[in-house]
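Chain residues, written in single-letter form:
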Amino acid sequence: MKQATVQSQASASKHENTKGNRRGNTIRLAVQILFFLVVASIAFNQWLEGRGTAVPWLSDTCLHAICPFGGVVSIYQVIATGAFVQKIDQSAFILMYIVFSLAIVAGAVFCGWVCPLGSFQEWLASLGRKIFGKRFNGFIPQRIDKYLKFLRYIVLALVLYFTAVSTVLVFADYDPYHALFRFWSGEVALSALIVLGAVIVLSVFVDRPFCKYACPYGAVLGLFNYFRIFQLRRSETRCIDCKACDRVCPMNIVVSDGNAIRDHQCISCLKCTSEFACPVTSTVALSTTRL
């Protein structure tokens, strides 16, 4: 009897939320495509600049200048010498402040909505789901995955250390983001191309592999999840335990276990919420108070 009631509630709620789910997914995809095209345009224009045909208002912009992580790795250098790390300028610091402000409010929004490399991995994941179905994103056992997720903090520590010591943006030689938008230019280090190739292959098996296990900027932004103003929250009373929130999470977070999701891996993509995947209205949502 209870199971029948739960199924009935799920069916009614799913019908009620279908339009909202589609609208939420469409808006997020549009935002992702917009930022991807903006970065791609800047990268292509930078290549054109070397040939004397660049768009004037974009010609002074480079990929490193619009990467907010450049501000993070430059902090020590700016404090110690007053100068920026090589290839980084003030724009990277401005972007860093903007992204950090967003993170204080709602967590790693940059990762889930803006980062073009993250979006690229998600789009490759669509192929993986078609090939492997339910097995996709489940090849790495949870007992191993929970430890692998801390690898990106080791990467962060190494990047910060070697950048401070060398005053050079050392991560550029391994950065798949830079390689993705400049692989055809002949200016990308072989090591970065190899990392990009690995990310492309792994993305067909694992959702957002670079974000999960290696991204140093994601490691920084993930720390904001512990004290951000708007937390992802789940209503225990409205939850029908369908596990839809768990299945759609690209970072393998078990959303259905708690009232507030404070996991350092959360990228604030909102795919688990009632605006996207959860079939029950107002059950999983961004909120400052308990649902």
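Residues numbered from 1 in each chain as written. Predicted model: local features only at pLDDT ≥ 70, side-chain atom pairs only at ≥ 80, totals over all residues. Heavy atoms only, no water.

Peer 1: Just give me the short version of the environment of G107, but keep the residues and values in it.
Peer 2: Tracing the chain through its elements places G107 in the loop between α3 (90–106) and α4 (109–114). Separated by 123 residues in sequence, G107 and F230 place their C-alpha atoms 7.8 Å apart. Once residues within four sequence positions are removed from consideration, G107 is found in contact with L102, N225, R228 and S268. (Helix = DSSP H or I, 4+ residues; strand = E, 2+ residues; numbered from the N terminus. Contact = heavy atoms within 4.5 Å.)

Peer 1: Which residues make up helix α7 (residues 151–166), and what values do they have?
Peer 2: Along an α-helix, residues three or four positions apart point the same way, because every turn accommodates 3.6 residues. Its 16 residues give α7 an end-to-end C-alpha distance of 23 Å, which sits within 8% of 22 Å, the value for a rise of 1.5 Å per residue. Of all the positions in α7, only R152, L156, V159 and T163 are classed as buried. Down the axis of α7, the smallest arc covering the buried residues is 70 degrees, so these residues share one side. Exposed residues lying more than 90 degrees from the buried face of α7 are I154, Y161 and V165. At the C-terminal side of α7, T167 shows a positive phi close to 60 degrees. (Expected span 1.5 Å × (residues − 1). Buried < 20%, exposed > 50% of the residue type's maximum accessible area, 1.4 Å probe, protein only. Arc of directions from axis to C-beta.)

Peer 1: Give a detailed account of the pattern of salt bridges, specifying residues and quantitative values.
Peer 2: Counted under the stated rule, the structure contains 7 salt bridges. Two residues, K149 and D145, come together in a salt bridge whose shortest N-O distance is 3.2 Å. The pair formed by K149 and D145 is uniform in burial state, with each residue classed as buried. Between E187 and R182 there is a salt bridge, and its shortest N-O distance comes to 2.4 Å. The exposure class assigned to E187 is exposed, which follows from its relative accessible area of 54%. One network of salt bridges, with partners in common, ties together R28, E122 and R208. (Salt bridge = Lys/Arg side-chain N within 4 Å of Asp/Glu carboxyl O.)

Peer 1: An account of the layout of surface pockets is requested, with residue identities and associated values reported.
Peer 2: Approximately 880 Å³ is the volume attributed to the largest pocket. Every residue lining the largest pocket is counted, 32 residues in all, and those nearest its centre are R129, D207, R247, V248 and C249. Every element with two or more residues in the lining of the largest pocket is listed here: α1 (2–49), α5 (116–132), α6 (142–148) and α12 (244–248). No other element matches α5, which puts 5 residues into the lining of the largest pocket. Here the lining of the largest pocket is composed, by residue class, of 15 nonpolar, 8 polar and 9 charged. (1 Å grid on protein atoms, 1.4 Å probe; cavity = no way out; pocket = protein on both sides within 12 Å on 5 of 7 lines; lining within 4 Å. Points joined across faces, edges and corners; volume = space filled by probe spheres on them. Nonpolar A, V, L, I, M, F, W, Y, C, P; charged D, E, K, R; others polar.)

Worth remembering: the numbers are spatial, not functional.
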